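Reading the structure
Here is how the chains run, residue by residue.
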Amino acid sequence: KLPSLRPQHCAPWSAQDAVGLLDLSDEILLCILHHLPACDLLLNVANVCHKLRTLCYDKTLLSDVCLSQHYSANDMMVVRALDKLSNHVQSLSLNGCYWLSCSTLKHLSRCRGVTQLDVTGCRLTTVRLSHLLSSLSLLRCLAFDVTSGFSSAQLSSEAVETLGRLSELRQTLLTPSYGVVPYCTKLQGVGVSCQLMVGQSSVPHYQQLEGFTARLAPGEVNQTLLLLYLAVFSVHIPERLRVFLVSIPGPYPLRAEGDLEALQLPRTWLNFSSLKMALEGNSPRHLSFSRCPGMWPQVFQSLLEGGVVDSGQLTCLNLSGINQVWTDCRNIEDQLLASTMSRLTIACSNLKHLNLMHTHYHHENVPGLNDNTHLCSSLANLKNLHSLTLPACALSDGVQTNNSNTTSPSSLLLGLKKSPRVGLQSYKPDLGQSSAVDSTSGLAQLTAGCPSIETLEIIGPGFVSVLPRLEPCTRSSVEPRGMCAWARGVGDAHIAALEGLKRLSCLTLAGLPGILKGTGLVQMAKQCKSLKVLSLANIGVVKTMNYTSALLETLRLSTQLQELRLEQPYLNANSAFFEALSCCSLLRRLCLISRSGTFDPSAAETFMERCQHVVMCHLFMGGTLVGCRTLQKTLMERFSGERPALSVVIYPLHHEDLPSVIRDIPLTLLDTVTLFQSHVQYYTVL
């Protein structure tokens, strides 16, 4: 029964006045049922009564079904759900369902009306793929993994015919293979995501291609493969090409023409002429120039001075690392200019996603200077902004309250720091007297001007995660730690100022040495009630963890938290920590990384018992290999039966076999949680 309010002067409600769930209109009930997982909808709710059964089989609920992140769905439940979905579903996604067995996937062949299928991250052999393709003759869009043992020779003639009718394909290649691209003769969109790939002699068919994406790890093998994929472009550019995203070095193969909507090019392709050639005459909606140092003047010139037809159509812009300079000293020409960024925000006023990671902005707090010159003030013009990544130094107003002995940023950049003067100190009338309100005035304008921000990342320019990555060049793409003095001025007051972002659901803070006690985290958590994802890394000084009390209080307040990634040296995951974490009753994914960190096995087990939704527990800390394996085995044996998707990985951080352990982690968890990376991503085709 639904609760109701009634004025005090009215008579009390009688039993006949009560309104039940089934008394609601079908339209309202359909809106409610839309938020339920498909398995629960078909296996539970549909059995309540005839009315709910009829609504549960409404085509608006069953034509497009996604089982991703339905961690409680075991093999039996999925098989039963597929049996009931078979005559209704048209688009089906099992992306990231790593826990389902290969035998379960064979039941997908019952869904003969499916036109879009995504089984990325699932256990799928070549024989099973061939069987599915033979049964799904209406399939037009396919996404899957090419794993070891894949052989195109095992594909049946019916499967090859289905591949020939595909218009969109996305392959994640985990083994040297060309995949099924040679059989796909009518592709309009193709995506390639891989760690290691080599090519074969076959040439793909791109006559009707509209979108092409390739995200490859660095290496000579991948460069050779990319040339094979792009060989056709050197002869003929598809007339309807509108999306071209490539993130691996290689020669520049094409001139993009027509209505180009999305563009990303490797930095080795980019120079002024190639950039102008790619953008001229287009009105792109998605642009990425990640890790292209020295290109930012040309990028801004193209966007602001007529290089593109209409900059107002741009909704996603990735400028990560665009102004990196490999010199010992940084000057004003190497930084983002507030005046240029102000023009950019006016010209690209419809931006929804902006990534400025690994860039620099140093605001000089000069008396009499207009406040609108601050970068955050310029960004406040982006009223539709949903996700934003900023370098930590961009939050500072230029007030150095925590570095009283620092004479100038340049001395820090050179690795030199003058010793404190003996005797009478120089008179500095304003130093240390600036209030937190003054030092966060730019940030305050940003939070007031962009109330729709849901994802915010504040990352110190020199931050590097301690976990090994799949892409070795990532470490060389950032600057040495401590190179930016302005980032050291970002402290608790700045984090507290984030309380103005009421819709904030995903927050990343990394490489912020200026945070002292973490009080800003508590203030933020009190106001940001919708926070679901929290990632903290190297907060405060790294020699000790000085914000433990504030962290525990933040966890107690974050009742909606579903994902926590914490990377901090000397983390003590004791009983108090896990008790506070237990307040996050909706938590699903947990990852702790700590050099010289410790954990309490019994407290971790108690936490897993209390938080029944946790399906990922990754701990990379100190301790012995025996101790780590013992806890991992205990958690798996005790909880995997009731949590089919449970992934527990506990391993010493500095063990020599850690890289191989990380590679065995399900890719969907590795990409989204375990490995540190930006959540403000660029556009993809599928």
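Computed from a prediction, not measured in an experiment: that's the story for all the values here. (Residues numbered from 1 in each chain as written. Predicted model: local features only at pLDDT ≥ 70, side-chain atom pairs only at ≥ 80, totals over all residues. Heavy atoms only, no water.)

1. Description of the pattern of salt bridges
Where charged atoms of side chains with opposite charge meet at close range, the side chains can pair. We apply this condition: Salt bridge, as used here: a side-chain nitrogen of Lys or Arg that lies within 4 Å of a carboxyl oxygen of Asp or Glu. The secondary structure listing takes helices from DSSP runs of H or I that are at least 4 residues long and strands from runs of E that are at least 2 residues long, numbered from the N terminus.
On inspection of all chains with the given rule, the structure shows 10 salt bridges. Measuring nitrogen to oxygen at the nearest pair gives 2.9 Å for the salt bridge that ties R170 to D118. A residue pair is termed long-range when its members are at least 10 positions apart, and R170 in strand β5 (residues 168-173) and D118 in strand β3 (residues 116-118) qualify at 52 residues. When the shortest N-O distance is used, the salt bridge between E563 and R589 registers 2.8 Å.

2. Some details on a nonpolar patch on the surface
Inclusion rule: For patch detection, residues must exceed 30% relative accessible area and be free of salt bridges, and they are connected within 9 Å for like charges or within 5 Å for nonpolar side chains (Val, Leu, Ile, Met, Phe, Trp, Tyr). Here the accessible surface of atoms and residues is derived via Shrake-Rupley with a 1.4 Å probe, and residues count as covered only by protein chains that are part of the display. Relative accessibility thresholds used throughout: buried, under 20% of the residue-type maximum; exposed, over 50%; partly exposed, between the two (1.4 Å probe, protein chains only).
Taken together, the side chains of L21, I28 and I32 present a nonpolar region at the surface, about 250 Å² in accessible area. For L21, a relative accessible area of 43% corresponds to the partly exposed category.

3. A short note on the nonpolar core
Worth spelling out the cut-off: Among buried residues, the Ala, Val, Leu, Ile, Met, Phe, Trp, Tyr and Cys ones that are joined through side-chain atoms within 4.5 Å form a nonpolar core. Note on definitions: a residue-residue contact is assigned when non-hydrogen atoms from the two residues lie within 4.5 Å.
In this structure, F577, L581 and F620 are the most contacted members of the largest nonpolar core, which totals 182 residues. Once residues within four sequence positions are removed from consideration, F620 is found in contact with L467, C591, L592, I593, S594, V649, Y651, L653, L658, I665 and T674. Core analysis: the second largest hydrophobic core is formed by six residues, I459, F463, A537 and F676 among them.

4. Structural notes on the pairing of strand β14 (residues 455-459)
How we decide: In this scheme, strands are said to pair when DSSP sees at least two bridges between them.
Of all five residues making up β14, five are buried, and the element is well covered by its neighbours. Here β14 shows two buried faces, one formed by T455, E457 and I459 and the other by L456 and I458. Relative to β14, strand β13 (residues 387-391) runs parallel, the two sharing five bridges. Bridge pairing in β14 links L390 to I458. Sheet analysis places β14 next to strand β15 (residues 506-512), joined by five bridges and oriented parallel.

5. A word on helix α24 (residues 667-674)
Which entries qualify depends on this criterion: Picture the helix axis, draw a direction to every C-beta atom, and the arc is the one those directions span.
Buried within α24 we find L669, L670, V673 and T674. Angular distribution of buried residues about the axis of α24 spans 110°; they occupy a single face of the element. Where α24 is buried, its residues contact β17 (563-567), β19 (589-593), β21 (616-621), β22 (647-652) and α23 (658-663).

6. A look at the environment of K517
Secondary-structure assignment places K517 in the loop between β15 and α18 (519-527). Along the primary structure K517 and G491 are separated by 26 residues, whereas in three dimensions their C-alpha atoms are 9.2 Å apart. The residues contacting K517, other than those within four sequence positions of it, are D492, N546, Y547 and A550.

7. Points about unusual backbone geometry
Among all residues except glycine, the phi angle is most often negative; among peptide bonds, the trans geometry is most common. The backbone of Q69 shows a phi angle near 65°, a positive value even though the residue is not glycine. On the secondary structure map, Q69 appears in the loop between β1 (64-66) and α5 (75-85). When its relative accessible area of 41% is taken as the criterion, Q69 is described as partly exposed. In this structure, Y570 is a non-glycine residue whose phi angle is positive, near 65°. Inspection of the secondary structure assignment puts Y570 in the loop between β17 and β18 (572-573).

Keep in mind these numbers describe shape, not what the thing actually does.
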